[in-house]
Amino acid sequence: MNGKKIYQHLMTGVSHFLPFVIGGGILTALAFLLDMGNAAEATFGASTPLTAWLLNIGSLAMDLMLPILAGYIAYSIADRPALLPGIVGGLLALEGESGFLGAIAAGFIAGYIIILLKKVTKKLPRTLEGIKTLLIFPIGGLLLAALAMLLVNMVVTPINIGLTSMLTALSNTSAIVIGAIIGIMLASDMGGPINKTAYLFAVATLTDAAGNPIPSIIMAAAGSSAMVVSTSCAVAATLLPRKFSPNLRAAKVGAYIMGLAFFVEGAIPYVIAKPKKILPALCIGAGVTGAITAGLGITLSAPIGGLETLPLVSNIPLYFLSFIIGTAVAVFIIYILTRNDEEYKLEKDEA
């Protein structure tokens, strides 16, 4: 399995799941933006029939992005028989909270399971061809992929426990250190177990020991640093268009909206395309923002960041400044790491 084929399989998955990321992310962000007046309420994002409807549609589309990613990676490897185990494997990654890394694993596992089943059943008589298509591939492929995903998802629980313990131990140390770590974790796996652990830890700091709501420095660090992730990719695609494929250039509008609304998933296609160059830049940029925000003592009183919760930030100008600095750092690192990359042609209307 050479690197070029792996990349082709990944990009097949990306090209099919990109509309789900963009469409779902924008509708979800719109729900929060329209519900800004209820940012301090438990129903934030779904306080009115319109925002609840938008949030539901957006959430459904976002939930589908991992199954679609996994399904079409598997499809690229082994054609239509691999779609079922790939999509269900992606659903299991979503359910098990192994995130987009789990979905990628599910896609490759399902694809190569079907390749294996095709080889095993190659010598079956032609009269049994229908059995292969209707029984062996869907049932055998599904069961084997599901068993493999049990192992993939089993890794999630100890990771979550270990990371939560680490964050708890660090919470009594320097605010700058914990802010930086929260930012790095939010950027590290685009909505996977590391990201979720950091986010839930930050949300937990919004209440005191008695259960009363309080403004949180850690939540502010999470809110500002998460915005850096997708936004940095969008800015890089804007300033360095020749370093990104036409699909990724087209995705920048969605990445801007998702980034400014706190969603890191807008960065997934960019990370998949250039993991060694984009992911380190995002982690460093988000870490810088988290450290600055926490170091300045800025607080946030809502369980989500983004433009929609600005009224609940204690110092909006400095909050923005930390976000801008981290984004600039991330984009600069992307520029340095991609300067020798292949140049893509620009469309006439972009030139």
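See above for the structure.
Note that the coordinates shown come from a computational prediction; the quantities given were computed from them, not determined experimentally. (Residues numbered from 1 in each chain as written. Predicted model: local features only at pLDDT ≥ 70, side-chain atom pairs only at ≥ 80, totals over all residues. Heavy atoms only, no water.)

Caption draft 1: Molecular detail of the overall build of the protein. Within the protein one finds 14 helices and zero strands. Its helices and strands taken in sequence order, the protein reads α-α-α-α-α-α-α-α-α-α-α-α-α-α from the N to the C terminus. Projecting the C-alpha coordinates of the protein onto the three principal axes gives extents of approximately 70 × 55 × 40 Å. Classification of the 351 residues of the protein by burial places 48% in the buried group. Look at the contacts in the protein between residues 6 or more apart in sequence, and 73% of them connect residues 24 or more apart. Of the accessible surface of the protein, which amounts to about 15,800 Å², a share of 70% is contributed by carbon and sulfur atoms. One way to put it: in the protein the 20 positive side-chain charges average out to a point 19 Å from where the 17 negative ones average out. (Helix = DSSP H or I, 4+ residues; strand = E, 2+ residues; numbered from the N terminus. Buried < 20%, exposed > 50% of the residue type's maximum accessible area, 1.4 Å probe, protein only. Contact = heavy atoms within 4.5 Å. Areas by Shrake-Rupley, 256 points an atom, 1.4 Å probe, with all protein chains shown as cover. Lys, Arg positive; Asp, Glu negative; His and termini not counted. Charge placed at Lys NZ, Arg CZ, Asp CG, Glu CD.)

Caption draft 2: Structural detail: the pattern of salt bridges. With the rule as written, the count across this model stands at three salt bridges. The partner of Lys-243 in a salt bridge is Glu-343, with the nearest N and O atoms 2.8 Å apart. Highlighted residues: Lys-243 in the loop between α9 (217-239) and α10 (246-250) and Glu-343 in the segment after α14 (316-338), separated in sequence by 100 residues. By relative accessible area, which is 44% here, Glu-343 ends up partly exposed. (Salt bridge = Lys/Arg side-chain N within 4 Å of Asp/Glu carboxyl O.)

Caption draft 3: Structural view of helix α11 (residues 252-260). The set of residues buried in α11 consists of Gly-254, Ala-255, Met-258 and Gly-259. Taken down its axis, α11 places every buried residue within 130° of arc, on the same side. Directly beyond the C-terminal end of α11, a positive phi value near 90° is found at Phe-262. (Arc of directions from axis to C-beta.)

Caption draft 4: Inspection of the packing of helix α1 (residues 3-34) against helix α4 (residues 99-120) at higher detail. The geometry of α1 relative to α4 is characterised by a closest axis approach of 11 Å and an angle of 115° between their N-to-C directions. Classified by the angle between their axes, α1 and α4 sit roughly perpendicular to one another. Read as a crossing pair, α1 and α4 show a hand that is right-handed. Contacts between α1 and α4 involve Ile-6, His-9 and Leu-10 from the former and Ile-104, Phe-108 and Tyr-112 from the latter. (Axes fitted to C-alpha atoms, helices over the stretch in contact; angles between N-to-C directions. Parallel < 35°, antiparallel > 145°, perpendicular 65-115°, else oblique. Left-handed = near helix turned anticlockwise from the far one by under 90°.)

Caption draft 5: Broad picture of the packing of aromatic side chains. By the definition in use, this model includes six aromatic pairs. Where Phe-332 meets Tyr-335, the ring centres are 6.5 Å apart and the plane angle is 40°; that geometry is what we call tilted. In this pair, Phe-332 and Tyr-335 both sit in helix α14, three residues apart, roughly one turn of the helix. Residue classification places Phe-332 among the exposed positions, given a relative accessible area of 51%. The exposure class of Tyr-335 is partly exposed, given its relative accessible area of 41%. Over the ring of Phe-244 we find Lys-274, and its NZ or CZ is 6.0 Å from the ring centre. (Phe/Tyr/Trp six-rings, centres within 6.5 Å; stacked < 30°, edge-to-face > 60°. Lys NZ or Arg CZ within 6 Å of the ring centre and 35° of its normal.)

Caption draft 6: Main features of the nonpolar core. Ile-182, Phe-244, Tyr-270, Ile-272 and Leu-282 are the most contacted members of the largest nonpolar core, which has 92 residues in total. The residues contacting Ile-182, other than those within four sequence positions of it, are Leu-167, Ala-198, Phe-201, Ile-218 and Ala-222. (Core = buried A, V, L, I, M, F, W, Y, C linked by side-chain atoms within 4.5 Å.)

Caption draft 7: Structural view of the layout of surface pockets. For the largest pocket, the calculated volume is near 890 Å³. Lys-196, Tyr-199, Phe-262, Phe-263 and Glu-265 are, among the 36 residues lining the largest pocket, the residues nearest its centre. Contributing elements (two or more residues each) for the lining of the largest pocket: α1, α2 (49-78), α3 (83-95), α4 and α8 (193-204). For the lining of the largest pocket, the element with the highest residue contribution is α2, accounting for five residues. Tallied by class, residues from the lining of the largest pocket come to 24 nonpolar, seven polar and five charged. Looking at the second largest pocket, its volume works out to about 220 Å³. If you list the elements that add at least two residues to the lining of the second largest pocket, you get α1 and α13 (275-295). Ranked by residue count, the leading element in the lining of the second largest pocket is α13, at three residues. In the lining of the second largest pocket, the residues fall into seven nonpolar, one polar and six charged. (1 Å grid on protein atoms, 1.4 Å probe; cavity = no way out; pocket = protein on both sides within 12 Å on 5 of 7 lines; lining within 4 Å. Points joined across faces, edges and corners; volume = space filled by probe spheres on them. Nonpolar A, V, L, I, M, F, W, Y, C, P; charged D, E, K, R; others polar.)

Caption draft 8: Region of interest: the side chain of Thr-51. Turning to its location among the elements, Thr-51 is positioned in helix α2. Only 2.9 Å separates the side chain of Thr-51 from the side chain of Thr-48, close enough to count as a polar contact. Residue contacts for Thr-51: discarding those within four places in its chain leaves Ala-31, Leu-34, Asp-35, Gly-45 and Ala-46. (Polar contact = N/O pair within 3.5 Å; in protein donor to acceptor, adjacent residues only side chain to side chain.)

Caption draft 9: Region of interest: the packing of α3 against α4. Running from amino to carboxyl end, α3 crosses α4 at an angle of 155°, the nearest separation of the two axes being 8 Å. Judged by the inter-axis angle, α3 sits roughly antiparallel to α4. Here α3 and α4 pass one another in a crossing that is right-handed. Contacts between α3 and α4 involve Pro-85, Gly-86, Gly-89, Gly-90 and Ala-93 on the former and, on the latter, Gly-99, Gly-102, Ala-103, Ala-106, Ala-110 and Ile-114. The class makeup of the residues in the contact of α3 with α4 is six nonpolar, five polar and no charged.

Don't take any of this as a statement about function, it's just geometry.
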